[in-house]
Amino acid sequence: MSTTEPLADATLKIAYSPCPNDTFVFDAWAHGRVPGAPALEVTFADIDVTNGIAERGPDAPADAADLAGLDVLKVSYAVLPWVLEDYALLPCGGALGRGCGPLVLTREPGTDLTGRTVAVPSERSTAYLLFRLWAADVLPGGVGEVVVLPFNEIMPAVREGRVDAGLVIHEARFTYQDYGLHCLADMGEHWESTTGLPIPLGAIIARRSLGAEALRALAEAARTSVRMAWEDPEASRPYVRAHAQELDPAVADQHIGLYVNEFTADLGEDGYAAVRGLLTRAAAEGLVPAIAPGALDFP
């Protein structure tokens, strides 16, 4: 989108996941029901893909497999230290919460992971940072090899013994027992018990070059879309189900209930404290670069 266009008359390019929480949050906006909001050109992409796009920057050249030119993206909070120069964190639309953290799964209960192989969905994910912070506290000997697998392949890999443990996210919280697996540790419980803060998972970011006025308008559109979804949950069901066809509707509802909450409408003081806390702790462990003062401030 050209930064000289009036925002209400523009079409913004946005990428978010097909997961129920994202389709629920953006349903009203994506379907033109948010008054005065710009139209959206939506691309569905796994968060590991959008993390990579954000890291390459808004002016990176496009190729056949790329999604360059995006104005708004859903990314992991973990990737923010690499992208905040080009993108601003929106104070709404993302995923934080309590009781919704990633899980470490094993075939046998109580497995000692010292020196063991662990599958993770990404090394640029919030889940990975939470896992590494947990391991630093409870595994003085450290884990062994970390392998990256698509999130839908992690539970089968653990079940089949190809890895010793797996770090899982999203709806896997509700389905891992179907694979005969055991929850060794809940990364969210560890984070909450050691910080008292909610768990920062997915962030909405937008190009800073859009300008402060446009960024504020985007935040308001996202916030309105969330509130409209809460006011009329049935309106979003066709969109949610169309993009989560493999999920039982009850699981999709659980997913939404867990990941769409007051922090989705507004990060607030606790939300910002959680994000700063995660990135500060991760930087202290050498997992991410330190962020500059004020980098999280919204224009």
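Residues take numbers from 1 onward in each chain, read along the sequence in its written order. Thresholds applied to this predicted model are a pLDDT of at least 70 for local features of residues and 80 or more for the giving and counting of side-chain atom pairs; totals over whole chains, interfaces and linings are not thresholded and use all residues. Note that water and hydrogens are dropped before the side-chain values are worked out from all heavy atoms of the structure.

A.B. asks: Hey, could you go over the overall build of the protein chain for me, with residue numbers and the actual values?
C.D. replies: Regarding its fold elements, the protein chain presents 12 helices and 11 strands. The globule rule used here is 2.2 Å times the number of residues to the 0.38 power, and the radius of gyration it is set against is calculated over C-alpha atoms. Against the 2.2 N^0.38 benchmark of 19 Å for 299 residues, the protein chain shows a C-alpha radius of gyration of 19 Å, consistent with a compact globule. Overall, the C-alpha framework of the protein chain stretches about 55 × 40 × 40 Å when taken along its three principal axes. In the protein chain, which comprises 299 residues, the proportion classed as buried is 54%. Any two residues whose heavy atoms approach within 4.5 Å are treated as being in contact. Long-range contacts, defined here as pairs at least 24 residues apart, represent 83% of the contacts in the protein chain between residues at least 6 apart. Under the scheme used here, helices are H or I runs from DSSP no shorter than 4 residues and strands are E runs no shorter than 2 residues, and both carry numbers assigned from the N terminus. Between buried and exposed lies partly exposed: a residue is buried under 20% and exposed over 50% of the maximum accessible area for its type, with that area taken using a 1.4 Å probe on protein chains only.

A.B. asks: Please give an account of the packing of aromatic side chains that cites residues and values.
C.D. replies: The pairing test for Phe, Tyr and Trp rings, Trp by its six-membered ring, is centres within 6.5 Å, and the orientation test on the planes gives stacked under 30 degrees, edge-to-face over 60, and tilted for anything in between. Inspection of every chain in the model, using the stated rule, returns five aromatic pairs. Ring centres of Y16 and F44 lie 5.6 Å apart, and the angle between their planes is 90 degrees; this geometry places the pair in the edge-to-face category. Taken together, the residues Y16 in strand 1 (residues 11–16) and F44 in strand 2 (residues 39–44) connect sequence positions 28 residues apart. You can call Y16 buried: its relative accessible area is 0%.

A.B. asks: Before we move on, can you summarise the environment of F298 with the specific residues and values?
C.D. replies: Here F298 lies in the segment after helix 12 (268–284). Every residue in contact with F298, bar those within four places of it in the chain, is listed here: L89, L90, P91, L215, R216, A219 and Y272.

A.B. asks: Before we move on, could you go through helix 7 (residues 187–195) and cite the residues and values that matter?
C.D. replies: All of the buried residues in helix 7 are M187, G188, H190, W191 and E192. For helix 7, the secondary structure elements touched by its buried residues are strand 6 (103–106), helix 4 (126–138), strand 9 (165–168), strand 10 (182–186), strand 11 (199–207) and helix 12. Here a polar contact means two N or O atoms within 3.5 Å. Within protein one must be a hydrogen donor candidate and the other an acceptor candidate, and residues neighboring in sequence count only if both atoms are side-chain atoms. A side-chain oxygen of the first residue of helix 7 lies 2.8 Å from the backbone nitrogen of G188; this N-cap is D186.

A.B. asks: Please provide a residue-by-residue account of the sheet that holds strand 7 (residues 118–120), values included.
C.D. replies: Only strands joined by at least two bridges in the DSSP assignment are considered to pair. Sheet architecture is open: five strands sit in the order 8-7-9-6-10, paired in mixed fashion. The open sheet has two edge strands with one neighbour each: strand 8 (146–148) and strand 10. Between one strand axis and the next, the sheet turns through 30 degrees on average, direction left out of account. The pairing of strand 7 with strand 9 spans two bridges and is parallel. Counted as the bridge partner of V118 is A165 from strand 9. Every axis in this analysis is a line fitted to C-alpha atoms, fitted for helices over the stretch in contact. Angles between the N-to-C directions lie between 0 and 180 degrees. Of the strands in this sheet, strand 6, strand 7, strand 8, strand 9 and strand 10 are in contact with helix 4, which crosses strand 9 at around 130 degrees. Here helix 7 sits on the sheet in contact with strand 6, strand 9 and strand 10, set at roughly 25 degrees to strand 10.

A.B. asks: Mind laying out the packing of helix 7 against helix 12, listing which residues take part and the relevant values?
C.D. replies: Following both chains from N to C, one finds helix 7 and helix 12 inclined at 100 degrees, their axes separated by 12 Å at the closest point. Classified by the angle between their axes, helix 7 and helix 12 sit roughly perpendicular to one another. Residues W191, T194 and T195 of helix 7 lie in contact with helix 12, whose contacting residues are A274, G277, L278 and R281. For the contact of helix 7 with helix 12, the residue count by class is three nonpolar, three polar and one charged. Any angle between 65 and 115 degrees counts as roughly perpendicular, while under 35 counts as roughly parallel, over 145 as roughly antiparallel, and the rest as oblique. Here the nonpolar group is Ala, Val, Leu, Ile, Met, Phe, Trp, Tyr, Cys and Pro; Asp, Glu, Lys and Arg are the charged ones; every other residue, Gly included, is treated as polar.

A.B. asks: Can you tell me about the nonpolar core, naming the residues and giving the values?
C.D. replies: With 55 residues, the main nonpolar core has Y77, L80 and W134 as its most contacted residues. Here the element with the most residues in this core is helix 4; it accounts for eight residues. Beyond its immediate sequence surroundings of up to four residues, W134 is in contact with V104, L113, L139, L184, A185, M187 and H190. For the purposes of this section, nonpolar cores are sets of buried Ala, Val, Leu, Ile, Met, Phe, Trp, Tyr and Cys residues that join through side-chain atoms within 4.5 Å. F24, V72, A88 and A229 belong to the second largest nonpolar core, which has 34 residues in total.

A.B. asks: Give a description of the pairing of strand 11 that names residues and reports values.
C.D. replies: For strand 11, the tally of buried residues reaches nine of nine residues, placing the bulk of the element in the interior. With five bridges connecting them, strand 3 (residues 72–76) and strand 11 associate as antiparallel partners. Directly across from V72, in strand 11, lies its bridge partner A206. Pairing of strand 4 (residues 87–89) with strand 11, which is carried by three bridges, proceeds in the antiparallel orientation.

A.B. asks: Would you mind going over the side chain of S225 in detail, with residue names and values included?
C.D. replies: Structurally, S225 can be placed in helix 8 (residues 212–231). Dropping the residues within four chain positions of it, S225 is found in contact with V25, F26, D27, A28, W29 and V34.

A.B. asks: Go over the pattern of salt bridges with me, naming the residues and quoting the values.
C.D. replies: One speaks of a salt bridge when a side-chain nitrogen belonging to Lys or Arg is within 4 Å of a carboxyl oxygen belonging to Asp or Glu. Scanning the entire structure with this criterion turns up 10 salt bridges. For D22, the salt bridge goes to K74, with nearest N and O atoms at 2.5 Å. Highlighted residues: D22 in helix 1 (residues 20–30) and K74 in strand 3, separated in sequence by 52 residues. When the shortest N-O distance is used, the salt bridge between D71 and R207 registers 2.6 Å.

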